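Structural overview for review
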Amino acid sequence: MDRALRIVLAEDGVLLREGLVGLLQRCGHQVLAAVGDAGALITAVEEHTPDIVVTDVRMPPGFQDDGLHAAVRLRERRPTLPVLVLSQYVQRAYASELLDSGDGSGVGYLLKDRVGQVEEFLDALREVADGGTVVDPEVVRQLLRRRRDPLERLTPREREVLALIAEGRSNGAIARELVVSEAAVGKHIGGILTKLDLPPAEDTHRRVLAVLAYLRA
């Protein structure tokens, strides 16, 4: 018989959260805490020291990569903590960091829409809890694509705009250079930041990070 796992679950969708709690409990596992935001996830792990964390990526407070960022922070504090990400999204910026954390063991990343059987999820849970690594092939594909060329998703015009940003040009100067409106430049910059997976964050300057990505490529 498989051992019962002590689990902390983070999922902001209340129906899915309660559904997962019921599923895990029916399978003999113990859900120590089921929370809906990244701060509560960190608090629950510190309080309960679970066998494994199961977390979504996008959740309060920022509804961006808060859940995944919290998982990375938890692994920094406790590198052997098993973490299974269950999400609709591949958040490449922190996914790579999570999968590289510790010695790379005890981590998993599954896409909700691609989990075809309940047993598939439960098998992944056990594998990660036992120190294994389980990653959906689509996650791997997207991570490899980013590492190959982070700029490949940009249109030719977006590349032009990013090159001018790298020269230190303001939005107004870029608009004059390309003979377009500043609103058009702003729209291109928004597309660049989205395609480079640079969501709004209080502690980072996205324009600078975009330039760094351009220079590294």
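Scoring rules and cut-offs
Residues numbered from 1 in each chain as written. Predicted model: local features only at pLDDT ≥ 70, side-chain atom pairs only at ≥ 80, totals over all residues. Heavy atoms only, no water. pLDDT = per-residue confidence, 0-100. Helix = DSSP H or I, 4+ residues; strand = E, 2+ residues; numbered from the N terminus. Core = buried A, V, L, I, M, F, W, Y, C linked by side-chain atoms within 4.5 Å. Buried < 20%, exposed > 50% of the residue type's maximum accessible area, 1.4 Å probe, protein only. Contact = heavy atoms within 4.5 Å. Salt bridge = Lys/Arg side-chain N within 4 Å of Asp/Glu carboxyl O. 1 Å grid on protein atoms, 1.4 Å probe; cavity = no way out; pocket = protein on both sides within 12 Å on 5 of 7 lines; lining within 4 Å. Points joined across faces, edges and corners; volume = space filled by probe spheres on them. Domains from an automatic or database assignment. UniProt positions renumbered as here; feature names shortened; annotations may be inferred. Polar contact = N/O pair within 3.5 Å; in protein donor to acceptor, adjacent residues only side chain to side chain. Pairing = 2+ DSSP bridges. Axes fitted to C-alpha atoms, helices over the stretch in contact; angles between N-to-C directions.

Chain-level statistics for the protein give a pLDDT mean of 88 and a share of 94% at 70 or above. Helix 6 (residues 137–148) is the least confidently modelled element of the protein, averaging 71 in pLDDT, while strand 1 (residues 6–10) averages 98, the highest of any element.

Let us look at the nonpolar core. Core analysis: the largest hydrophobic core is formed by 30 residues, its most contacted members being Leu 41, Leu 98 and Tyr 109. Secondary structure elements with two or more residues in this core: strand 1, strand 2 (30–35), helix 2 (38–48), helix 3 (66–77), strand 4 (83–87), helix 4 (92–100), strand 5 (107–111) and helix 6. With sequence-adjacent residues up to four places away left out, Leu 98 is seen in contact with Leu 68, Ala 71, Val 72, Arg 75, Val 83, Val 85 and Val 107. Among the nonpolar cores identified, the runner-up in size contains 20 residues, and Leu 20, Val 21, Leu 24 and Phe 121 belong to it.

Let us now look at the pattern of salt bridges. Using the criterion set out here, one finds 11 salt bridges in the structure. Among the ionic pairs, Asp 56 bridges to Lys 112, the shortest N-O distance being 3.3 Å. In this pair, Asp 56 is assigned in the loop between strand 3 (52–55) and helix 3 and Lys 112 in the loop between strand 5 and helix 5 (118–129), connecting sequence segments 56 residues apart. When its relative accessible area of 6% is taken as the criterion, Asp 56 is described as buried. The salt bridge partner of Arg 169 is Glu 167, with a shortest N-O separation of 3.2 Å.

For the second largest pocket, the calculated volume is near 200 Å³. Lining the second largest pocket are 14 residues, with Arg 58, Gln 91, Thr 194, Asp 197 and Leu 198 positioned closest to its centre. The residue makeup of the lining of the second largest pocket includes at least three contributed by each of domain 1 (6–144) and domain 2 (156–216).

On to the environment of His 188. Assignment of secondary structure puts His 188 in helix 9 (residues 182–195). Remark: the alpha-carbon pair of His 188 and Gly 22, spanning 166 residues in sequence, is separated by 45 Å. Excluding residues within four positions of it along the chain, His 188 makes contact with Arg 157, Glu 158 and Val 161.

Right, let's get into the side chain of Thr 55. With respect to the helices, strands and loops of the structure, Thr 55 is situated in strand 3. Overall, the relative accessible area of 1% leaves Thr 55 in the buried class. When neighbours within four sequence positions are excluded, Thr 55 is seen to be in contact with Ala 10, Leu 41, Gly 67, Ala 71, Val 83, Leu 84, Val 85 and Leu 86.

Let us now look at the UniProt feature "modified residue: 4-aspartylphosphate" (unreviewed entry) in the protein. Mapped onto this numbering, the UniProt entry annotates "modified residue: 4-aspartylphosphate" (unreviewed entry) at Asp 56. Those residues in contact with Asp 56 that sit more than four places away from it in its chain are Ala 10, Glu 11, Asp 12, Gly 67, Leu 68, Leu 86, Ser 87, Gln 88 and Lys 112. A distance of 3.2 Å separates the side chain of Asp 56 from the side chain of Ser 87, its partner in a polar contact.

Right, let's get into the pairing of strand 5. It is a general feature of regular strands that their side chains alternate between the two faces of the sheet. With five of five residues buried, strand 5 is to be regarded as a mostly interior element. Because side chains alternate across strand 5, one face comprises the buried residues Val 107, Tyr 109 and Leu 111, and the other comprises Gly 108 and Leu 110, equally buried. Bridge count for strand 5 against strand 6 (residues 133–135) is three bridges, and the pairing is parallel. Looking at strand 6, one finds that Val 107 is bridged to Thr 133.

The next point concerns the sheet that holds strand 6. Here we have six strands laid out as an open sheet, ordered 2-1-3-4-5-6, and parallel in their pairing. Two strands close off the open sheet at either side, each with one partner strand: strand 2 and strand 6. For this sheet the average axis-to-axis angle between neighbouring strands, irrespective of direction, equals 15°. Examined bridge by bridge, strand 1 and strand 3 share four bridges and lie parallel to one another.

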